[in-house]
Structure formats: structure tokens, C-alpha cells
Amino acid sequence: MEIRVLRYFLTVVREESITKAAEVLHITQPTLSRQLSQLEEETGVRLFHRGSRKITLTNEGMLLRRRAEEILDLVDKTSRELIEQEELVEGVVSIGSGELGSMEILADLCGSFREKYPRVRFDMYTATADVVRERMERG
């Protein structure tokens, strides 16, 4: 079963007409009819009662509708999560500084940043300029 065909199936269910669904999907009616026939062959059950003006679902069609909605919800959720995953900011920011009063302000700024990006960790090191430089040179 293909995700695309499940979307076609649900569109037909929603529109209650293959012709209307084909228009919504921007595909030809014969193409959509063929896809639905292949879905029925693949599942081995009849999914629709085809009337002269509209189609209705068989019991098997109702089951497939419920499952298709669940499957597509999960596919859409996974796609969103993958996109969000790419947008996540994470990692370690190392800051070395002399012993200054401004380190308190910097710590507050890092805290605010961390509220927005909780997967970012800050390593702050304060010491004399020579010690900080030596640590930077060592990586």
C-alpha cells in the first residue's frame, strides 16, 4: 500500500465521488479509478459500493478509512518531527574570559538563551588572561 494511494482513497471518501476527488487531486478520473481498483485487488476486498451519483464505503472500506487516517497522521507527524529536528539548535558553547564583573551579565544571557534552546550547553571558564589563553591554545 502506498501513502499516495491512501491519500487518494481518503479524498474519494471525503468527496463521495471519484470524479470530484479526481478534480481535487488534479488527476484524471480514469487514473484515480485504476488506482482504487488496484488498491481493492491488493487488499483482496471490495472497499466501495458504487452508486449512480455517489459511492459509499463497505465495512472493509470503513476499516481501511480509519487505518488510513491513523497511518497518514503518523506519516505527517513524522515528517513534521524530521523537519523540526533539522531546526533544533544543540551543542556546547565554550566561553573563556578574564575574571570580570560582566561575567554575571553573560551568565544571565546564557540562561535566557538556554530557555529558548534547552539542548545547548554552556561551559564557562574564568581565570587570568594568560590561563584562559593557554586553555584556548590546548583546545
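To start, this report covers the structure provided alongside it.

So, how was this worked out
- Residues numbered from 1 in each chain as written.
- Predicted model: local features only at pLDDT ≥ 70, side-chain atom pairs only at ≥ 80, totals over all residues.
- Heavy atoms only, no water.
- Helix = DSSP H or I, 4+ residues; strand = E, 2+ residues; numbered from the N terminus.
- Rg over C-alpha atoms; globule rule 2.2 N^0.38 Å.
- Buried < 20%, exposed > 50% of the residue type's maximum accessible area, 1.4 Å probe, protein only.
- Contact = heavy atoms within 4.5 Å.
- Areas by Shrake-Rupley, 256 points an atom, 1.4 Å probe, with all protein chains shown as cover.
- Lys, Arg positive; Asp, Glu negative; His and termini not counted.
- Charge placed at Lys NZ, Arg CZ, Asp CG, Glu CD.
- Salt bridge = Lys/Arg side-chain N within 4 Å of Asp/Glu carboxyl O.
- Core = buried A, V, L, I, M, F, W, Y, C linked by side-chain atoms within 4.5 Å.
- Axes fitted to C-alpha atoms, helices over the stretch in contact; angles between N-to-C directions.
- Parallel < 35°, antiparallel > 145°, perpendicular 65-115°, else oblique.
- Nonpolar A, V, L, I, M, F, W, Y, C, P; charged D, E, K, R; others polar.
- Left-handed = near helix turned anticlockwise from the far one by under 90°.
- Expected span 1.5 Å × (residues − 1).
- Arc of directions from axis to C-beta.

Re the overall build of the protein chain
Item 1. Looking only at helices and strands, one finds six helices and four strands in the protein chain.
Item 2. A globule of 139 residues ought to have a C-alpha radius of gyration of about 14 Å, yet the protein chain, at 29 Å, is considerably larger.
Item 3. Seen through its principal axes, the protein chain has C-alpha atoms that stretch 85 × 25 × 25 Å.
Item 4. Burial status across the protein chain gives 24% buried among its 139 residues.
Item 5. Contacts in the protein chain between residues far apart in sequence, at least 24 positions, make up 55% of those at least 6 positions apart.
Item 6. Approximately 10100 Å² of the protein chain is accessible, and the part contributed by carbon and sulfur atoms is 51%.
Item 7. With 21 positive and 25 negative side-chain charges, the protein chain shows a separation of 8 Å between the mean positions of the two kinds.

Examining the pattern of salt bridges
Item 1. Counted under the stated rule, the structure contains 10 salt bridges.
Item 2. When the shortest N-O distance is used, the salt bridge between Glu70 and Arg67 registers 3.3 Å. Here Arg67 and Glu70 lie together in helix α4 (residues 59-87), a separation of three residues that amounts to about one turn.
Item 3. The salt bridge involving Glu134 is made with Arg138; its shortest N-O contact spans 3.8 Å.

Description of the nonpolar core
Item 1. Judged by nonpolar contacts, the single largest core of 20 residues is most densely connected at Phe9, Val12, Leu32, Leu36 and Phe48.
Item 2. Those elements giving two or more residues to this core turn out to be α1 (3-15), α2 (18-25), α3 (29-43), β2 (55-57) and α4.
Item 3. With seven residues, α1 is the largest single contributor of residues to this core.
Item 4. Filtering out sequence-adjacent residues up to four positions away, Leu36 remains in contact with Phe9, Val12, Ile18 and Phe48.

So, the packing of α1 against α3
Geometrically, a packed helix pair is captured by the angle between its two axes and the distance between the axes.
Item 1. Contact geometry for α1 and α3: axes closest at 10 Å, N-to-C directions at 110°. By the angle class used here, α1 and α3 are roughly perpendicular. Contact with α1, carried on its side by Arg4, Val5, Tyr8, Phe9 and Val12, involves Leu32, Gln35, Leu36 and Leu39 of α3 and no other residues of that element.
Item 2. Its residues assigned to classes, the contact of α1 with α3 comprises seven nonpolar, one polar and one charged.

Observations concerning the packing of α1 against α2
Item 1. For the pair α1 and α2, interaxial distance at closest approach is 8 Å and the crossing angle is 125°. Here α2 runs oblique to α1, going by the angle between their axes. As α1 packs across α2, the resulting crossing turns out to be right-handed. Only Ile18, Lys20, Ala21, Val24 and Leu25 of α2 make contact with α1, whose side of the interface consists of Tyr8, Thr11, Val12, Arg14 and Glu15.

Topic: α3
Item 1. Taking 1.5 Å per residue, 15 residues should reach 21 Å; α3 reaches 21 Å between its end C-alpha atoms and fits that length.
Item 2. All of the buried residues in α3 are Leu32, Gln35, Leu36, Leu39 and Glu40. End-on view of α3: buried residues confined to an arc of 140°, all on one side of the axis.
Item 3. Following α3 by one or two positions, Gly44 adopts a phi angle in the positive range, close to 75°.

Remember that the coordinates give geometry; whether it matters functionally is a separate question.
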